[in-house]
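Reading the structure
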Amino acid sequence: MTTQRTEKCPLCGCAVHVVTDSATGYQQGRTYTILECEGCLSSFSSPLEVSDEIYGQIYANVRNVPGYNRYFRYAQEILTRRRPLDYLMGQEESYWAVAHHLRKRREAGEKLNILELGCGMGYFTHALAQDGFTVTGVDISSHAVSWAREHYGPYYACTTLDELQARGDRYDAIIMNQLIEHLPDVHGFMADAVSLLSPGGEILITTPNKSAYPDTEWETDLPPVHLWWFGEEALKSLAQHHRCTISFIDFAPFYAAYLRPKFPPVPLVDRQPVFDAHWKLVISQPIPVVSPVRNVLERTGIMDFLRAVRSKFVTGNRWHGSRGPICAAVLRRTR
Ligand SMILES: [Zn+2]
């Protein structure tokens, strides 16, 4: 049963209905209402608000927080890799999509000034810099930015979009990797980002893809860490609102090269909070140690070869084609 709500979708202004009013929260003891828009088909949490504290707790426990622990591994791992960007491209769709797109623009002769927003520990910014790109990583967490500076180099800033704007900085590509689903005020943030684009500049957005899971309540991080769950329609609406054209990156080459098994969605009633009421981890999940044999196979490139061979033979239960669990959009300013 769906209940109509009097409020409107903050993204497109259309009517919304309630998906559930008792969604488990990221922290125990808090529940959220999930609303779904009948126009742009996005889902979002009510209330649409988050405190900085939750991210402080996530990063203080980053080695053991499910979903975030892999970021810590990437941050360490790229320091030992000869080609860190290739390494990250093999790990996740988001990195593959953005790097693939930027390399194509570079091959076409463009010289790009790149900004990564929400760079966190800074490993993707660093991998792009190592690949020869001119790039700045920005995050609101001073802790994350000092970690990045200390481990990778000086190309990071702990600053706001307002400050960048005031400095007159303009960028040919602005990366928002898995960022917009965290934002209470998506339009405000996007307006600021668009104003930082140089003529012909692009915003590269990756985000969990709702349309990969039809008829599912919420198959993404629990609110208020993820406040939104977008699909292609929602991103098209976002682009239109900010007078941008939009195109989507096709993941077919990525799925052909790397196995991505498809798991069935976990019903919201079976989801557990990540933290208890006192910020102790309910689910502590350390990253498994990589065996020495696998390590050698990975570093010599033999693993990539084995993956490519294996993917030729495995066809069932995997993502394929252009629509997967992640959506990657290129928004280009038209005025
Ligand atoms: Zn909407």
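Residues numbered from 1 in each chain as written. Predicted model: local features only at pLDDT ≥ 70, side-chain atom pairs only at ≥ 80, totals over all residues.

1. A short note on the sheet that holds strand β8 (residues 171-177)
If you trace the seven strands from one edge of the open sheet to the other, you get β7-β6-β5-β8-β9-β12-β11, paired in mixed fashion. Every interior strand has two partners, whereas the edge strands, β7 (156-157) and β11 (244-248), have only one. Pairing geometry for strand β5 (residues 113-117) and strand β6 (residues 134-138), over five bridges, is parallel. Each residue of the ladder has a partner; that of Leu117, found in β6, is Val138. Set on the sheet, helix α5 (residues 123-130) makes contact with β5, β6, β7 and β8; between it and β6 the angle comes to about 170°. (Pairing = 2+ DSSP bridges. Helix = DSSP H or I, 4+ residues; strand = E, 2+ residues; numbered from the N terminus. Contact = placed C-beta atoms within 7 Å. Axes fitted to C-alpha atoms, helices over the stretch in contact; angles between N-to-C directions.)

2. A short note on the pairing of β5
Taking burial as the measure, the five residues of β5 include four buried ones, the bulk of the element. Handedness of the crossover joining β5 and β6 through α5 is recorded here as right-handed. With three bridges joining them, β5 and β8 adopt parallel strand pairing. Across the sheet, residue Glu116 finds its bridge partner in β8, namely Ile175. (Buried ≥ 20, exposed ≤ 12 C-beta atoms within 10 Å, placed from the backbone. Right-handed = clockwise from strand over helix to strand, strands pointing away.)

3. Points about the environment of Ala23
Here Ala23 is to be found in strand β2 (residues 15-24). Note: C-alpha distance between Ala23 and Thr33 (10 residues apart in sequence) is 6.1 Å. In this structure Ala23 touches Thr31, Tyr32, Ile34, Trp218, Pro223 and Leu268, once residues within four positions along its chain are discounted.

4. What about the nonpolar core?
In terms of nonpolar packing, the biggest core is built from 75 residues, with Ile174 and Ile175 touching the most fellow members. When residues in this core are grouped by element, the largest group, six residues, is from helix α4 (residues 93-107). Contact partners of Ile174, with chain neighbours within four places excluded, come to Leu115, Leu117, Ala193, Leu196, Leu197 and Ile203. Ranked by size, the runner-up nonpolar core spans six residues in total, among them Tyr26, Val65, Leu222 and Val225. (Core = buried A, V, L, I, M, F, W, Y, C linked by C-beta atoms within 7 Å.)

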